[in-house]
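Okay, here's what each chain looks like letter by letter:
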Amino acid sequence: MTFWDHLDALRMVLIRLLLVVLTASIVLFCFKDFIFDGLILAPTRPDFFLYRLLGVDVSLNLVNIEVTAQFLIHMKVTFVCALIACFPYIVFEIWRFVAPALYSHEKKAVRGAFLFASVLFYAGLAVGYCVVLPLMVNFFQGYTVSQSVTNTISLTSYMATVTSTVLLFGVVFEFPTLIAALSKLGVVTRSMLRRGWRVAVFVAVLLAALITPSGDPFSLCVVSVPLLLLYMLSIAICKDKVEEAI
C-alpha cells in the first residue's frame, strides 16, 4: 500500500469510530437520570458506599452559574460515556489498522496485549470512580483557607474533576498492556523492571500524594497500592530474557 492508501484506510477507521461513538452518544443522551443521578452525582451524596464504609459525612450541594452549562455538560458527559462504552470497539479498530504492518510473530505477540487493554481500562475506571474520586470529594468539600470563606462548588468544576480523575486512572491502568507489548517485542525484560522497583514505589507514592491532597496514610495506601499492583503485574507478564521475546 502507498502512503495515500494508508491515509485513506485511516480515514475510514476514523469515520467508523465517529459513527459508532455518535450513535452511542445519541442513545445515552436519553438516559440522563441514570447517568447523572445514578452514577456521576452519587459521590456527592452521604449514602455513597465508601462514605458509609469510612463513616464520614459527605453532602455536596452543586450549583450552576451559567445559562447553558447544564445542557452542554449533558452533551459532553454522554459523549465521554459513549467513548467509554465503545472502548473495546476502538481498540479493535486500532488493532485492525495496525496489524497489517506487523510481521506474523509480532502480531502474535501484540494481539494478547490488545485483548487485555479493555479489561484494564475498565478496572482503572472502577478504581478512579469508586475509590479516588470519593476521597477527593471528601477532602475538598471541607477544606477552606479561612472560616470566612464558604465552599460553593459549581457543577462545571465538579464535572471536570470527575472526568479527569476517572479517565486518568483508566489510562494509567493501561501500563501493563504497554509493558506486555514491549516485552513480547523484546524491548523490556522482567529483570529491567525488577531493578527499577524502588523507583516504581517512589513514583506510585508520589502520584498518590498528588491525586489525594489530604495526605493521610489511608488515602495514600488506597491509591498507591493499586499502582504498585499494576507494576507487579507488569513484572509477572514480562519475559525473563530478550531472546525469549523475539
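Everything numeric in this text was worked out from a predicted model, so none of it was measured.

K.L.:
It is not clear to me how the overall build of the chain should be interpreted in this structure. Could you clarify?
P.N.:
Summing up its helical and strand segments, the chain has 12 helices and zero strands in all. Along its sequence from the N terminus, the chain presents helices and strands in the succession α-α-α-α-α-α-α-α-α-α-α-α. Its C-alpha atoms give the chain principal-axis dimensions of roughly 65 × 45 × 25 Å. Looking at the chain residue by residue over its 246 residues, the buried ones come to 36%. The contacts of the chain with a sequence gap of at least 6 include a subset with a gap of at least 24, amounting to 79%. Just so you have it, the chain exposes about 14,500 Å², and 71% of that area is on carbon and sulfur atoms. Charged side chains of the chain number 17 positive and 14 negative; the gap between the two group centres comes to 9 Å.

K.L.:
When you look at the nonpolar core in this model, what are you seeing that I'm missing?
P.N.:
Where a protein is soluble and globular, its nonpolar side chains tend to be buried together. Core analysis: the biggest nonpolar cluster contains 27 residues, and F36, I40, V77, V137, Y158 and M159 have the highest contact counts within it. Among the elements of the structure, α2 (32-40), α3 (49-54), α4 (69-85), α5 (87-98), α6 (104-140) and α7 (155-172) are those that each provide at least two residues to this core. With seven residues, the top contributor of residues to this core is α6. If sequence neighbours within four positions are ignored, Y158 has contacts with I40, L41, P43, T44, L60, L62, L133, V137 and I153.

K.L.:
For this particular structure, what's the right way to read the pattern of salt bridges?
P.N.:
If you walk through the whole model with that rule in mind, you get four salt bridges. Among the salt bridges present, the one from D8 reaches R11, with a minimum N-O distance of 2.6 Å. Of this pair, D8 and R11 both sit in helix α1 (residues 3-29), three residues apart, which is roughly one turn of that helix. Note on R11: relative accessible area 44%, which makes it partly exposed.

K.L.:
What is the right way to read the packing of aromatic side chains from this model?
P.N.:
Within a pair of aromatic rings, the relevant descriptors are the distance that separates the centres and the angle that separates the planes. What the rule picks out here adds up to nine aromatic pairs. With centroids separated by 5.9 Å and ring planes inclined at 85 degrees, the aromatic side chains of F48 and Y129 adopt a geometry described as edge-to-face. Taken as a pair, F48 in the loop between α2 and α3 and Y129 in helix α6 lie far apart in primary sequence, 81 residues in all. Judged on exposure class, the residue F48 and its partner Y129 are both buried. Ring geometry for F121 versus Y122: centroids 5.7 Å apart, planes at 65 degrees, classification edge-to-face. Relative accessible area serves as the criterion here: at 6%, F121 is assigned to the buried category. Looking at Y122, the relative accessible area reads 32%, which means it is partly exposed. Through pairs of rings, three or more aromatic residues link up here, namely F48, F49, Y51 and Y129.

K.L.:
Even after reading the chapter, I still don't get α5, so can you show me in this structure?
P.N.:
An α-helix turns once every 3.6 residues. As a result, residues three or four positions apart point the same way. An ideal rise of 1.5 Å per residue puts 16 Å on 12 residues; α5 measures up with 16 Å between its terminal C-alpha atoms. Where α5 is concerned, the buried positions are F87, I90, V91, E93 and W95.

K.L.:
Would you explain the packing of α2 against α4 in this entry?
P.N.:
The angle between the axes and the distance between the axes are what describe a pair of packed helices. Between α2 and α4, whose axes approach to 11 Å, the crossing angle comes to 80 degrees. For the element pair α2 / α4, the angle class is roughly perpendicular. When α2 is examined against α4, the residues K32, I35, F36 and I40 are found in contact with a partner set consisting of I73, H74, V77, T78 and C81. The class makeup of the residues in the contact of α2 with α4 is six nonpolar, two polar and one charged.

K.L.:
Would you explain the state of the cysteines in this entry?
P.N.:
Each disulfide consists of a covalent bond between the sulfur atoms of two cysteine residues. Counting across every chain of the model gives zero disulfides. C30 takes part in no disulfide bond, and the closest cysteine sulfur to it belongs to C81, at a distance of 13 Å. No disulfide involves C86; its sulfur sits 11 Å from the nearest other cysteine sulfur, which is in C81. The exposure class of C86 is buried, given its relative accessible area of 9%.

K.L.:
Any chance you could explain the side chain of H74 here in plain terms?
P.N.:
By the secondary structure assignment, H74 is in helix α4. Residue contacts for H74: discarding those within four places in its chain leaves F29, K32 and F36.

The rules behind the values
- Residues numbered from 1 in each chain as written.
- Predicted model: local features only at pLDDT ≥ 70, side-chain atom pairs only at ≥ 80, totals over all residues.
- Heavy atoms only, no water.
- Helix = DSSP H or I, 4+ residues; strand = E, 2+ residues; numbered from the N terminus.
- Buried < 20%, exposed > 50% of the residue type's maximum accessible area, 1.4 Å probe, protein only.
- Contact = heavy atoms within 4.5 Å.
- Areas by Shrake-Rupley, 256 points an atom, 1.4 Å probe, with all protein chains shown as cover.
- Lys, Arg positive; Asp, Glu negative; His and termini not counted.
- Charge placed at Lys NZ, Arg CZ, Asp CG, Glu CD.
- Core = buried A, V, L, I, M, F, W, Y, C linked by side-chain atoms within 4.5 Å.
- Salt bridge = Lys/Arg side-chain N within 4 Å of Asp/Glu carboxyl O.
- Phe/Tyr/Trp six-rings, centres within 6.5 Å; stacked < 30°, edge-to-face > 60°.
- Expected span 1.5 Å × (residues − 1).
- Axes fitted to C-alpha atoms, helices over the stretch in contact; angles between N-to-C directions.
- Parallel < 35°, antiparallel > 145°, perpendicular 65-115°, else oblique.
- Nonpolar A, V, L, I, M, F, W, Y, C, P; charged D, E, K, R; others polar.
- Disulfide = S-S within 2.5 Å.

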